[in-house]
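# Inside the fold
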Protein chains: 2
Amino acid sequence: MKKISKADLSIKELVSLIEEDFIKTNDLIKDQIISKVERIPQLSSHIVSLGGKRLRPILTIACAKMLNVKSDHHITLAAAVELLHTATLLHDDVVDESNFRRGKETSHTLWDNKSSILVGDYLLGKAFQLMVKTGSLECLKTLSNAAAIIAEGEVLQLVAINNINIKKNEYMKIIESKTAALFSSACEVGGIISNSSNEINKSLFSFGKNLGTSFQLIDDALDYSGKSKNLGKNIGDDFYDGKVTLPVIISYEEGNQNEKKFWEEVFEKDTRNDQDLIKANKIINKNQTIEKTLELANVYGEKAKEDLSIFPDTKIKKGLINLVNLSLIRDH
Amino acid sequence: MKKISKADLSIKELVSLIEEDFIKTNDLIKDQIISKVERIPQLSSHIVSLGGKRLRPILTIACAKMLNVKSDHHITLAAAVELLHTATLLHDDVVDESNFRRGKETSHTLWDNKSSILVGDYLLGKAFQLMVKTGSLECLKTLSNAAAIIAEGEVLQLVAINNINIKKNEYMKIIESKTAALFSSACEVGGIISNSSNEINKSLFSFGKNLGTSFQLIDDALDYSGKSKNLGKNIGDDFYDGKVTLPVIISYEEGNQNEKKFWEEVFEKDTRNDQDLIKANKIINKNQTIEKTLELANVYGEKAKEDLSIFPDTKIKKGLINLVNLSLIRDH
């Protein structure tokens, strides 16, 4: 049986406050993947069904509802945000050569790389079609920025593969682009579409950015320390993919000569095996690297909560704060 | 020395009428591929430099100038159209596993599939950023439609690979999606951004659709009959890729039992060799399939010219008509 994590519970709490709109969003997403070209709904349904927590559209809806949105455009935007995210997942899986996502076979394994690339492009096109429907150029602006920045971050990550000499600030730039950019735009459009002030929209953008950064750092930590199969990824994925994430960067920077040598050699190899991961985990645990990564995640989590301070205390605001808090104690 | 084809001459004539804007468009395209992540400008410059004729942005500029556009937004849109096209080329080359484009090595051969996928995504994001800058939701609408339709057409083509039983109308649907959709939107945005009437914009859309269809059919014919290296593709590319194009569809439909058997068997194989192509060409020539394909291209070319009939006779209109005429006698 699937274990329910505290993070899942915190999301469920938030979803219960916006349930009707969340259901509408999911229905709208399903409508978008209809096509006479069978491979499109087949492959899209597969990746959408793996969909995970739908955190990004939940943020869009929650931010809009917190600001008393008057139209239904936030639902359209939430669906667009999720489709944009889904498109990047399809392309990521091809790029990372991942065979599993959330414990199930990835689309490019079940079909092929070609289909995943092209269906990803299709979903990206559908995402922009939805944005256009809202008539908000400001939303289109922040989300098209996000689309370009995400891709830039993914390229940055690609060229940094196996590079043990990557600096912490360079790595934070990758996180900011590949993960935080969509979180921030997802939150900001919730404000824009509710006709909120620039100040409010900036706070939401900042909230998303800090939450997204915190979220990615926790993900990085879980890749070495996670104990449950409930993470949406396999333990050691980053390590096997040659991704030098923060736990490794800290461990390398603070390690003794032998440890430095291990990290250099293990990331010089084309592939890494289970024995390598066991050794990597030993060094990481010895240096308390996970704790240090989570400390930094906590710093960003606190910043995210500060960003919400300008809003009146409502149930949804509390839900968002709980989401930040409970993310921080996610399944270690 | 590169041979200059009649089609090139006809494009040069049109470009000479819009030269200043064409140069500005090319500069704007170059500005978009600047990024601190070196791989992005490297790979983008490579594909942009192969760029071919820049037919699509030329159409946007020409249509806008024909309608006395007042702002510079048509330049922004022309650049967006070309970036969108370039993104699809990057992904196409990965999907088709093509090693050469216009006689030069493709990006995914010089770098890797992963970079081509992600840089394609980046260029797509940049294309939408540019569209947003024009402030025209109507342009965003037609171009985001085109983005989704192109991807849908590419998937349709992918699932039809090696399928000798594809019907002519199904094949025309592929062409309409993967090629004509961007031609029509490229022309339509030239009208929209010049504040033209719906009637005018519809005519431009139809002009682009018919021109694009004609253009693709000629391309299909050239893949079997082309004599110059100046086509932007290698002779036999479609055949080797297992793409069942119109010359083959006609040849299969009208062929005798032996010919039918040849087509069935040759497309059942995983790969086709030079001997197969020689035999394919013999059958195609015997049945005058190329002539029949070009006849159909001509029908669409005539339709395209009819679409222009509502416009006053200007130099640019004549340039567009010449473009249609000379495309039809492209290098056979």
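Because the structure is predicted, anything quoted here is derived from the model rather than measured.

Our focus in this paragraph is the overall build of chain A. In terms of regular secondary structure, chain A is built from 16 helices and two strands. On C-alpha atoms alone, chain A measures out to a radius of gyration of 20 Å, which is about the 20 Å that the 2.2 N^0.38 rule sets for 332 residues. Reported as C-alpha extents along the three principal axes, the dimensions of chain A are approximately 60 × 50 × 40 Å. Counting over 332 residues, chain A shows a buried share of 63%. Considering only contacts within chain A whose residues lie at least 6 apart along the sequence, 78% involve residues at least 24 apart. Only carbon and sulfur atoms are counted for the fraction: they give 49% of the accessible area of chain A, which is about 13,700 Å². Side chains of chain A give 44 positive and 46 negative charges; the mean places of these two sets differ by 3 Å.

This part covers the environment of Ser144(A). Within the secondary structure, Ser144(A) sits in helix H8 (residues 137-159). Its relative accessible area of 0% is what places Ser144(A) among the buried residues. For the pair Ser144(A) and Phe128(A), spaced 16 residues apart in the sequence, the C-alpha separation amounts to 8.4 Å. In this view, Ser144(A) contacts Phe128(A), Gly125(B), Phe128(B), Gln129(B) and Val132(B); residues no more than four positions away in its chain are not counted.

Moving on: the environment of Glu306(A). Residue position: Glu306(A) is located in helix H15 (residues 289-307). Here the alpha-carbon distance between Glu306(A) and Ile75(A), two residues 231 residues apart in the chain, equals 26 Å.

What follows covers the packing of aromatic side chains. Within this structure, the stated rule accounts for 13 aromatic pairs over all chains. Ring centres 6.3 Å apart and planes at 75° place the aromatic pair Tyr224(A) and Phe239(A) in the edge-to-face group. Here the residue Tyr224(A) occupies a position in helix H10 (residues 198-225), and Phe239(A) occupies one in helix H11 (residues 237-241), the gap between them amounting to 15 residues. Here Tyr224(A) and Phe239(A) have matching classes, each one buried. Summarising the aromatic geometry, the rings of Phe262(B) and Trp263(B) are spaced 5.2 Å apart at their centres and angled 65° between planes, so their arrangement reads as edge-to-face. For Phe262(B), a relative accessible area of 10% corresponds to the buried category. Given the relative accessible area of 0%, Trp263(B) is considered buried.

Here the focus is the interface of chain B and chain A. Listed per partner, the contact involves 38 residues of chain B and 38 residues of chain A. Joining chain B to chain A, the criterion identifies eight residue pairs in polar contact (both at pLDDT 80 or more). Listed by contribution, the elements that provide at least two residues to the side of chain B that touches chain A are helix H3 (39-50), helix H5 (73-96), helix H7 (113-134) and helix H8 (137-159) of chain B. Per element, the largest residue contribution to the side of chain B that touches chain A is 14 residues, and it comes from H8(B).

Residue and element names in this part refer to chain A. Taken as a whole, this structure holds 24 salt bridges over all chains when the rule is applied. One salt bridge in this structure joins Lys65 and Asp21, with 3.4 Å as the shortest N-O distance. Of this pair, Lys65 sits in helix H4 (residues 55-66) while Asp21 is found in helix H2 (residues 19-32), placing the two residues 44 residues apart along the sequence. You can call Lys65 partly exposed: its relative accessible area is 34%.

This paragraph deals with the relation of the copies chain B and chain A. Superposing chain B onto chain A takes a rotation of 180° combined with a translation of 0.0 Å along the rotation axis, leaving an RMSD of 0.0 Å. Seen this way, the second copy is the image of the first under a two-fold rotation axis.

A separate point is the packing of H8(A) against helix H9 (residues 168-192) of chain A. Residues and elements named next belong to chain A. The geometry of H8 relative to H9 is characterised by a closest axis approach of 7 Å and an angle of 170° between their N-to-C directions. In terms of axis orientation, H8 runs roughly antiparallel to H9. Helix-helix and strand crossings are classified by hand; for H8 and H9 the assignment is left-handed. Packed against H8, whose contacting residues are Glu138, Cys139, Thr142, Leu143, Ala146, Ile149, Ile150, Gly153, Glu154, Leu156 and Gln157, the element H9 presents Lys173, Ile174, Ser177, Lys178, Ala181, Leu182, Ser185, Glu188, Val189 and Ile192 at the interface. Its residues assigned to classes, the contact of H8 with H9 comprises 11 nonpolar, five polar and five charged.

Negative phi is the rule for most residues except glycine; trans is the rule for most peptide bonds. Residue and element names in this part refer to chain A. Even without being a glycine, Arg54 presents a positive backbone phi close to 55°. With respect to the helices and strands, Arg54 occurs in the loop between helix H3 (39-50) and H4. Since its relative accessible area comes to 12%, Arg54 is described here as buried. We note that Asn68 has phi near 55°; this positive angle belongs to a residue other than glycine. Following the sequence through the fold, Asn68 ends up in the loop between H4 and helix H5 (73-96).

For the rest of this paragraph, the subject is helix H14 (residues 274-286) of chain B. All names here are of chain B. Across its 13 residues, H14 extends 18 Å between first and last C-alpha, which sits within 8% of the 18 Å expected from 1.5 Å per residue. In this fold, the buried residues of H14 make contact with helix H10 (198-225), helix H11 (237-241), helix H12 (246-254), helix H13 (257-268) and helix H15 (289-307). The N-cap residue of H14 is Asn273: its side-chain oxygen and the backbone nitrogen of Gln275 are 3.1 Å apart. Once H14 ends, the next one or two residues include Gln288, with phi positive near 55°.

On to helix H2 (residues 19-32) of chain B. Because each turn of an α-helix spans 3.6 residues, side chains separated by three or four positions in sequence point in the same direction. All names here are of chain B. Under the 1.5 Å per step criterion, the end-to-end length of H2 is 20 Å for 14 residues, consistent within 8% with the ideal 20 Å. Considered for burial, the residues of H2 that qualify are Asp21, Phe22, Thr25, Asn26, Leu28, Ile29 and Gln32. Projected down its long axis, H2 carries its buried residues within an arc of 160°, all on one side.

Here is what the cut-offs are and how they apply
- Residues numbered from 1 in each chain as written.
- Chains lettered and ligands numbered in written order.
- Predicted model: local features only at pLDDT ≥ 70, side-chain atom pairs only at ≥ 80, totals over all residues.
- Heavy atoms only, no water.
- Helix = DSSP H or I, 4+ residues; strand = E, 2+ residues; numbered from the N terminus.
- Rg over C-alpha atoms; globule rule 2.2 N^0.38 Å.
- Buried < 20%, exposed > 50% of the residue type's maximum accessible area, 1.4 Å probe, protein only.
- Contact = heavy atoms within 4.5 Å.
- Areas by Shrake-Rupley, 256 points an atom, 1.4 Å probe, with all protein chains shown as cover.
- Lys, Arg positive; Asp, Glu negative; His and termini not counted.
- Charge placed at Lys NZ, Arg CZ, Asp CG, Glu CD.
- Phe/Tyr/Trp six-rings, centres within 6.5 Å; stacked < 30°, edge-to-face > 60°.
- Polar contact = N/O pair within 3.5 Å; in protein donor to acceptor, adjacent residues only side chain to side chain.
- Salt bridge = Lys/Arg side-chain N within 4 Å of Asp/Glu carboxyl O.
- Least-squares fit on C-alpha atoms with pLDDT ≥ 70 in both.
- Axes fitted to C-alpha atoms, helices over the stretch in contact; angles between N-to-C directions.
- Parallel < 35°, antiparallel > 145°, perpendicular 65-115°, else oblique.
- Left-handed = near helix turned anticlockwise from the far one by under 90°.
- Nonpolar A, V, L, I, M, F, W, Y, C, P; charged D, E, K, R; others polar.
- Expected span 1.5 Å × (residues − 1).
- Arc of directions from axis to C-beta.

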